[in-house]
Amino acid sequence: MEEETFPEGKTVYRLHKTKERNARLIDKRKKQAIERDGSLKCEACGFDFEETYGSVGKNYLEGHHIIPLSETKEPYEAKIEDIVLVCSNCHRMLHRKRPWLTVDQLHNLLKK
Ligand SMILES: [Zn+2]
Ligand SMILES: [Zn+2]
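These figures come from a predicted structure and were not determined experimentally.

*Asks:* Give a description of the coordination of the zinc ion (ligand 1) that names residues and reports values.
*Replies:* Ligation of the zinc ion (ligand 1) by protein atoms is provided by Cys42 (SG), Cys45 (SG), Cys87 (SG) and Cys90 (SG), these donors lying 2.3 to 2.4 Å from the ion. Taken together, the four donor atoms coordinating the zinc ion (ligand 1) and their angles of 106 to 116 degrees define a geometry best described as tetrahedral. Here the donor residues for the zinc ion (ligand 1) map to a single chain with the spacing C-x2-C-x41-C-x2-C. Here the residue cysteine 45 occupies a position in the loop between helix H1 (23-37) and helix H2 (49-53), and cysteine 90 occupies one in helix H3 (residues 88-94), the gap between them amounting to 45 residues. Judged by relative accessible area, which is 36%, cysteine 45 ranks as partly exposed.

*Asks:* I'd love a proper account of the coordination of the zinc ion (ligand 2), names of residues and values included.
*Replies:* Listed as protein donors to the zinc ion (ligand 2) are His64 (ND1), His91 (NE2) and His95 (NE2); their distances from the metal cover 2.1 Å. For the zinc ion (ligand 2), the single-chain donor residues occur in sequence as H-x26-H-x3-H. Here the residue histidine 64 occupies a position in strand S1 (residues 62-65), and histidine 91 occupies one in helix H3, the gap between them amounting to 27 residues. Histidine 91 shares its class with histidine 64; the two are buried.

*Asks:* So what's going on with the side chain of histidine 91? Residues and values would help.
*Replies:* For histidine 91, a relative accessible area of 15% gives the class buried. Filtering out sequence-adjacent residues up to four positions away, histidine 91 remains in contact with Glu62, Gly63, His64 and Val86.

*Asks:* Describe the pairing of strand S2 (residues 83-86), with residues and values.
*Replies:* Each regular strand shows side chains that alternate between the opposite faces of the sheet. Where burial is concerned, the two faces of S2 agree: the one with Ile83 and Leu85 and the one with Val84 and Val86 are both buried. Here S1 runs beside S2; their pairing, made up of four bridges, is antiparallel. Counted as the bridge partner of glutamate 62 is valine 86 from S2.

*Asks:* Describe in detail the environment of arginine 92, supporting the description with residues and values.
*Replies:* Summarising the element assignment, arginine 92 is placed in helix H3. In this structure arginine 92 comes out as exposed when scored by relative accessible area, which is 65%. As a C-alpha pair, arginine 92 and histidine 64 span 28 residues in sequence and 10.0 Å in three-dimensional space.

*Asks:* How would you sum up the nonpolar core? Please name residues and give values.
*Replies:* Formed by 19 residues in total, the largest nonpolar core has its most connected members in Cys42, Ala44, Leu61, Leu85, Val86 and Cys90. Elements with a contribution of two residues or more to this core: H1, S2, H3 and helix H4 (103-109). For this core, the element with the highest residue contribution is S2, accounting for four residues. Sequence-distant contacts of cysteine 42, that is, excluding residues within four places in its chain, are made with Phe47, Leu61, Leu85, Val86, Cys87 and Cys90.

*Asks:* Account for the environment of tyrosine 76, naming residues and giving values.
*Replies:* Here tyrosine 76 is to be found in the loop between S1 and S2. Residue class for tyrosine 76 comes out partly exposed when judged on its relative accessible area of 29%. What tyrosine 76 contacts, discounting residues up to four positions off in sequence, is His65, Ile67, Leu69 and Asp82.

Rules used in this analysis
Residues numbered from 1 in each chain as written. Chains lettered and ligands numbered in written order. Predicted model: local features only at pLDDT ≥ 70, side-chain atom pairs only at ≥ 80, totals over all residues. Heavy atoms only, no water. Donors = N, O, S within 2.8 Å, 3.2 Å for Na, K, Ca; no water. Tetrahedral: all angles 85-135°; square planar, octahedral: opposite > 155°, others 65-115°. Helix = DSSP H or I, 4+ residues; strand = E, 2+ residues; numbered from the N terminus. Buried < 20%, exposed > 50% of the residue type's maximum accessible area, 1.4 Å probe, protein only. Contact = heavy atoms within 4.5 Å. Pairing = 2+ DSSP bridges. Core = buried A, V, L, I, M, F, W, Y, C linked by side-chain atoms within 4.5 Å.

See the structure below:
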């Protein structure tokens, strides 16, 4: 029986415009959350990277811009409220549909 193979590793060049994301903004947003809640938990599902992964997960959460940067033509001044902090799974799910789900919508979809 012949084994089916899947070629991988071919280099694909993608041309794509990326907009600069302001890491300082996300850092500030994280600090604010830690000050407020004493820990960093996903705002959709409550996942805490440090709780699960120990020190390697400390201070880890992803910043999701609620205003799609791909839709902003001019550089705009993002505010701290434009960022929600979510775990990697929730972040992927937020981007799965267009228009993007909101954190509240995602939270309500979660099966307990
Ligand atoms: Zn999450
Ligand atoms: Zn995002």
